[in-house]
Amino acid sequence: MPTSIDIGVTGMTCASCTARVERGLKKVEGVQDANVNLATERATVTYDPALTTPQALLDKVRDTGYEPVTATADLGVTGMTCANCSARVERALKKVPGVLSASVNLATERATVTYLPSATRPAQLKVAIRDAGYDILEVQAGQDRTDLERERREQEVRDLRRAVTFSAVFAAPLLLLAMVPMLVPAVNDWLMTTFGHSVMTTLNWVMLALALPVQFGPGRRFYRLGWKSLRGRSPDMNALVMIGTTAAFLYSLVATVAPGIFPEGTAHVYYEASAVVITLILLGKYFEAIAKGRSSEAMKALLSLQAKTARVVRGGQELDLPVDEVLTGDVLQVRPGEKIPVDGEVTSGHSFVDESMITGEPVPVNKTAGSSVVGGTLNGHGAFQFRATKVGADTALAQIIRLVETAQGSKPPIQGLADRVVAVFVPVVLGIAALTFLIWLLVGGASALSFALVTTVAVLIIACPCAMGLATPTSIMVGTGKAAELGVLFRSGAALEGLQGVQVVALDKTGTLTKGRPELTDLHATDAFDPDTVLRLVAAAEASSEHPIARAIVDAAHARGLAVPAAEQFEAVPGFGLEARVQGRPVQVGADRYMRRLGLNPDAFRADAERLGDEGRTPLYAAIDGQLAAIIAVADPIKDGSADAVRALHAQGLQVAMITGDHARTANAIARQLGIDTVLAEVLPGGKSDAVRDLQARGQRVAFVGDGINDAPALAQADVGLAIGTGTDVAVETADVILMSGDLRGVPNAVALSRATLRNIRLNLFWAFAYNIILIPVAAGALYPAFGLLLSPVLAAAAMGFSSVFVLSNALRLRRFRAPAATAAAPSTMTQRTLTRA
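Note that the coordinates shown come from a computational prediction; the quantities given were computed from them, not determined experimentally.

Rules and cut-offs
Residues numbered from 1 in each chain as written. Predicted model: local features only at pLDDT ≥ 70, side-chain atom pairs only at ≥ 80, totals over all residues. Heavy atoms only, no water. Helix = DSSP H or I, 4+ residues; strand = E, 2+ residues; numbered from the N terminus. Buried < 20%, exposed > 50% of the residue type's maximum accessible area, 1.4 Å probe, protein only. Contact = heavy atoms within 4.5 Å. Areas by Shrake-Rupley, 256 points an atom, 1.4 Å probe, with all protein chains shown as cover. UniProt positions renumbered as here; feature names shortened; annotations may be inferred. Pairing = 2+ DSSP bridges. Axes fitted to C-alpha atoms, helices over the stretch in contact; angles between N-to-C directions. Core = buried A, V, L, I, M, F, W, Y, C linked by side-chain atoms within 4.5 Å. Salt bridge = Lys/Arg side-chain N within 4 Å of Asp/Glu carboxyl O. Patch = residues over 30% accessible without salt bridge, like charges linked within 9 Å, V, L, I, M, F, W, Y side chains within 5 Å. Right-handed = clockwise from strand over helix to strand, strands pointing away. Expected span 1.5 Å × (residues − 1). Arc of directions from axis to C-beta. Parallel < 35°, antiparallel > 145°, perpendicular 65-115°, else oblique. Left-handed = near helix turned anticlockwise from the far one by under 90°. Nonpolar A, V, L, I, M, F, W, Y, C, P; charged D, E, K, R; others polar. Phe/Tyr/Trp six-rings, centres within 6.5 Å; stacked < 30°, edge-to-face > 60°. Lys NZ or Arg CZ within 6 Å of the ring centre and 35° of its normal. pLDDT = per-residue confidence, 0-100. Lys, Arg positive; Asp, Glu negative; His and termini not counted. Charge placed at Lys NZ, Arg CZ, Asp CG, Glu CD.

*Asks:* Which parts of the structure should I look at to understand the overall build of the protein?
*Replies:* Across its full length, the protein carries 31 helices and 29 strands. By residue count, 52% of the 838 residues in the protein fall in the buried class. Taking as baseline every contact in the protein between residues at least 6 positions apart, the subset at least 24 positions apart corresponds to 68%. Total accessible area on the protein is roughly 36,100 Å²; 57% of this is exposed by carbon and sulfur atoms.

*Asks:* Would you explain the UniProt feature "transmembrane region" (unreviewed entry) in the protein in this entry?
*Replies:* UniProt marks residues 163–184, 190–216, 237–262, 268–287, 421–443, 449–472, 765–784 and 790–808 with the feature "transmembrane region" (unreviewed entry), using the numbering shown here. The span residues 268–287 is 85% helix and 0% strand, and its two end C-alpha atoms sit 33 Å from each other. A distance of 28 Å separates the end C-alpha atoms of residues 765–784, which is 80% helix and 0% strand.

*Asks:* Would you mind going over the sheet that holds strand S29 (residues 737–739) with me for this structure?
*Replies:* For sheets, the rule is that strands pair by backbone hydrogen bonds, running either parallel or antiparallel. Taken in spatial order, the seven strands make up an open sheet running S17-S29-S28-S27-S18-S25-S26, and their pairing is mixed. The open sheet terminates on both sides in strands that have one partner only, identified here as strand S17 (488–490) and strand S26 (678–680). Ignoring strand direction, the axes of neighbouring strands in this sheet form an average angle of 20°. Pairing of S17 with S29 involves three bridges; the strand directions are antiparallel. Across the sheet, the residue bridging to Phe-490 is Val-737, located in S29.

*Asks:* What am I meant to see in the nonpolar core here?
*Replies:* The tendency in soluble globular proteins is for nonpolar side chains to be buried as a group. Formed by 134 residues in total, the largest nonpolar core has its most connected members in Leu-93, Leu-125, Phe-490, Leu-499 and Leu-722. At 14 residues, the largest contribution of residues to this core is made by helix H28 (residues 746–779). Excluding residues within four positions of it along the chain, Leu-93 makes contact with Val-99, Ala-102, Val-104, Ala-111, Val-113, Leu-125, Ala-128 and Ile-129.

*Asks:* Any chance you could explain the pattern of salt bridges here in plain terms?
*Replies:* A side chain of one charge can pair with a side chain of the opposite charge when the charged atoms of the two come close. What the rule picks out here adds up to 26 salt bridges. With its nearest N and O atoms 3.3 Å apart, the salt bridge here joins Arg-560 to Asp-532. Of the two residues, Arg-560 is situated in the loop between helix H20 (548–559) and strand S20 (569–573) and Asp-532 in helix H19 (residues 531–542); the sequence distance between them amounts to 28 residues. A relative accessible area of 35% places Asp-532 in the partly exposed class.

*Asks:* Would you take a moment to explain the sheet that holds strand S3 (residues 42–47) for this structure?
*Replies:* Strands sit in the order S2-S3-S1-S4 across an open sheet of four strands; the sheet is antiparallel. Across the chains shown, the open sheet's two edge strands, defined by having one partner strand only, are strand S2 (31–37) and strand S4 (67–68). The sheet contacts of helix H1 (residues 15–26) involve S2 and S3, and relative to S2 the element is tilted by about 165°.

*Asks:* What's the story with a nonpolar patch on the surface in this structure? I'm lost.
*Replies:* Residues Leu-435, Ile-439, Leu-442 and Val-443 make up a contiguous nonpolar surface patch of about 430 Å² in total accessible area. Looking at the element boundaries, Ile-439 is found in helix H14 (residues 415–443). Classification of Ile-439 by relative accessible area gives partly exposed; the value is 42%.

*Asks:* Help me understand the pairing of strand S25 (residues 655–659), please; the structure alone is not making it clear to me.
*Replies:* Burial analysis of S25 places four of its five residues in the buried class, the great majority of the element. Pairing analysis gives five bridges linking strand S18 (residues 504–508) to S25, with the strands arranged parallel. Following the sheet pairing, Asp-508 is matched in S25 by Ile-659. Two elements, S25 and S26, share three bridges in a ladder whose sense is parallel. Residue Ile-659 lies in a different strand from S26, and its bridge partner there is Leu-680. In this fold, S25 hands off to helix H24 (residues 664–674), which returns the chain to S26; that crossover is right-handed.

*Asks:* What should I look at first to understand H1 in this one?
*Replies:* Each α-helix turn comprises 3.6 residues. Residues three or four places apart therefore point the same way. Across its 12 residues, H1 extends 17 Å between first and last C-alpha, which sits within 8% of the 16 Å expected from 1.5 Å per residue. Inspection of H1 places Cys-17, Thr-18, Val-21, Glu-22, Gly-24 and Leu-25 among the buried residues, and these make up the whole buried set. Down the axis of H1, the buried set is contained in an arc of 165°. They therefore lie on one face. Seen from the open side of H1, the exposed residues pointing more than 90 degrees away from its buried face are Ala-15 and Arg-23. Those residues of H1 that are buried lie in contact with S2, S3 and helix H2 (54–63).

*Asks:* Please explain the packing of H1 against H2 as it appears in this structure.
*Replies:* A pair of packed helices is captured by two measures, namely the crossing angle of their axes and the spacing between those axes. Interhelical geometry of H1 versus H2 gives an angle of 140° and a closest axis separation of 9 Å. Classified by the angle their axes make, H1 and H2 are oblique. Here H1 runs over H2; the crossing is right-handed. Note on element contacts: H2 touches H1 through Leu-57, Lys-60 and Val-61, opposite Val-21, Gly-24 and Leu-25. Of the residues in the contact of H1 with H2, the class split is four nonpolar, one polar and one charged.

*Asks:* Even after reading the chapter, I still don't get the packing of aromatic side chains, so can you show me in this structure?
*Replies:* Working definition: an aromatic ring pair is given by the centre-to-centre distance plus the angle between the planes. Under the criterion given, the structure shown has 11 aromatic pairs. For the ring pair Phe-216 and Tyr-223, a centre distance of 5.8 Å and an interplane angle of 20° mean the geometry is stacked. When the ring of Phe-249 is compared with that of Tyr-271, the centres are 5.8 Å apart and the planes differ by 70°; the resulting orientation is edge-to-face. Of this pair, Phe-249 sits in helix H9 (residues 237–257) while Tyr-271 is found in helix H10 (residues 271–295), placing the two residues 22 residues apart along the sequence. Both residues of the pair, Phe-249 and Tyr-271, count as buried. Among the aromatic residues, ring-to-ring pairing joins Phe-216, Tyr-223, Phe-249 and Tyr-271 into one connected group. Above the face of the Phe-576 ring, Arg-593 is positioned so that its terminal group lies 5.9 Å from the ring centre.

*Asks:* What am I meant to see in the side chain of Lys-639 here?
*Replies:* Looking at the secondary structure, you find Lys-639 in the loop between strand S24 (627–635) and helix H23 (642–651). Excluding anything up to four places from it in sequence, Lys-639 contacts Gly-511, Thr-512, Leu-513, Thr-514, Lys-515, Ile-724 and Gly-742.

*Asks:* Explain the confidence of the model for the protein here, please?
*Replies:* If pLDDT is low for a region, its predicted coordinates should not be looked at in detail. Summarising the model, the protein shows a mean pLDDT of 82, and 87% of its residues fall at 70 or more. Long-range and interchain partners of residues 824–838, a stretch whose pLDDT sits below 50, account for 29 contacts in this model, where long-range means more than four residues apart.

*Asks:* Where do I start with a positive patch on the surface in this structure?
*Replies:* Together, Arg-759, Arg-762, Arg-813, Arg-816 and Arg-818 line one region of the surface with positive charge. In this fold, Arg-813 is placed in the loop between helix H30 (793–812) and helix H31 (827–837). Judged by relative accessible area, Arg-813 falls into the partly exposed class, the value being 43%.

*Asks:* Just checking my understanding: could you explain the pairing of S24 for this structure?
*Replies:* Both faces of the sheet carry side chains from a regular strand, because those side chains alternate between them. Counting buried residues along S24, eight of its nine residues qualify, which places the element largely inside the surrounding structure. Note: strand S23 (residues 618–624) against S24, seven bridges, orientation antiparallel. Each residue of the ladder has a partner; that of Pro-619, found in S24, is Ala-633.

*Asks:* Would you explain unusual backbone geometry in this entry?
*Replies:* When glycine is set aside, most residues are seen to have a negative phi, and most peptide bonds are trans. The phi angle at Glu-41 is positive, at roughly 50°, despite the residue not being glycine. In this model, Asp-625 sits at a positive phi of 55°, which is unusual for a non-glycine residue. With respect to the secondary-structure elements, Asp-625 resides in the loop between S23 and S24. Since its relative accessible area comes to 35%, Asp-625 is described here as partly exposed.

*Asks:* What should I look at first to understand the environment of Leu-116 in this one?
*Replies:* For Leu-116, the position within the fold is in the loop between strand S7 (110–115) and helix H4 (122–131). Spatially, the C-alpha atoms of Leu-116 and Pro-97 are 8.7 Å apart, while their sequence positions differ by 19 residues. Beyond its immediate chain neighbours, meaning those up to four positions away, Leu-116 contacts Ile-5, Asp-6, Ile-7, Leu-58, Val-69, Thr-70, Gly-98 and Leu-100.

Next comes the structure, spelled out in structure tokens:
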């Protein structure tokens, strides 16, 4: 059946553009017609859904050189209780015309939907969720979504606590009445002797009175949600509980009201099974809700860094406004000890600001007029005014929070297995339960109906797929939150999973392994010259040059407190060096070939030159007054922590490669100092992605770490790209993982956390699957023929609740993760300090 869809297209400027898009779309298999309107910037496509998809149409628009218009909605979904619920919401959203993808996370209770705004609206997405039997967490204007979610979760915990307490008040005496006569024969004999067989009828009516409030009080939630799932032909955990407990309750009710219709001695009641099962499941849900709240604590810490109010200077007056009312260009006042509300540039005043939440550096940063400040960082003892440059969702902290939220809500590839199983799990369980009931009716003898009821209810209760649904998202949620505390931001669950499988870590040199700022490392003068005099004159000559090496020499002179005079003449000598006149004295600086050109012999420094070259430093020579005066060495210093990072990566069993455009001699010298295994040197600026491809061609999964614009292609080519957060925006946008500080020790920390998280997920999935594979046959009575053992529905309910709590507790263990490579100051340390002080 052909269908039509509207796609917004940007970038078209003339009729040839529309024709090009039309031709491209018509070439897609299954497209019957395509009409592109330049005025409305919209393409209307009629296609066969059996042959193509909306995503394929969007890809074709991009292939023609234009950009399709898509949007993303992030919706809070309430009422989900198990993996079938989240799968059901996903299916409902994907059926909405114009929806390209939908991902629903049970742990975060969020739905992330990518859709075509020309074909659908967020309101239609909300209708689809409500029609599926769930509700939306509506955020009103002026409300904070995080506060609203926290309030809703706290309310859920309170409601569950009340429901558990209410159920337990009735279920506890009910369990005693049912079990004590069975477990203590003396009590049963006393009852029979004293009251006769009529006592059993009386006890049945008393137990009915105790079970009724539980079944239709707190148990009503399972009827409400379970019936919706059955009506939507997508049975979930609530349906299993509803069917199981109702069967036990109705069987018991008939045995109480009309015991005569049962064969002699088979009119047993199971009120305690239905009531205690409901109580235990609610207790499990209560513990689950508490654990879910704990799993998002890292996210709460990040969110708490955001300032709530800002002091804005308007019309000469200071106004305290909510931070979301600050506009770009506003001037804000910051007093000592306050949080900086938004990103901006200092216009007046002076202070030191603790920025370790962003950079990981423990030393407060000096801020004066012209300095940039970041929202969420903590001001020291000074006061200043600054102009807002980024507000709201554009601030650095807001982007970090958004990255963490996106990663927590995304699904890693390993989740696909659980999703496929869950899709058929509950219908299969219902089939197993029906088969169990029939088999026991046939082979159960005189007590066939009782056996059939007990085993069927146990199967239905123990097979709830809660643990399967929580196995992956809770670990991802806790793992990415812990990563954020350590200064590592994963863009997605796929990046988190992918990093644990890499075999080679390839590192860019400049700005990644090294500081990216050359520094003067050596100056050896001849006996005829004073080193400080040489440095002062050479710095004066180099001051007119913009070359990084020149800046390093000038900075070194200033650092020594030398007064650098102005050069009277300056001339660059291409390919050799430079020449200047300083205070009437001729000064020449350059390579050894320049000295020889001047008729000077640099061999006096041959041993020094060879040593410096082997150490990866660039030797230069200085001549003053026509005499060889000194050898000078400039190098890009290795960052603190780079050697520790390489050692930690080796300890994790990884190979370390370096990709650089530097000369092979310099690159090999640095590699020797750091213990790097493979060096790919003299790589052209556009060749880093080819170098990564060469490493991959050896059959290895490669992670690339870089910070510059020229690193972006390599970051994209690598199996996992890691960007230094202090690098360029292009690199950061291209990478899968962002290291918030420039400390390379974040790489082994990210790898270790990725591995720990995936181990955690695998253990969760193993538990969730093994639990059901082992216990469903036990619940069905597989052990009864050999050992005479039947699993009580009460124990089944306890085991089901324990399964979910186990998965959540196991995920929470990630909060105790310890980074293998300690950084100078982990952002998490600063986070806690900021929270304490703020």
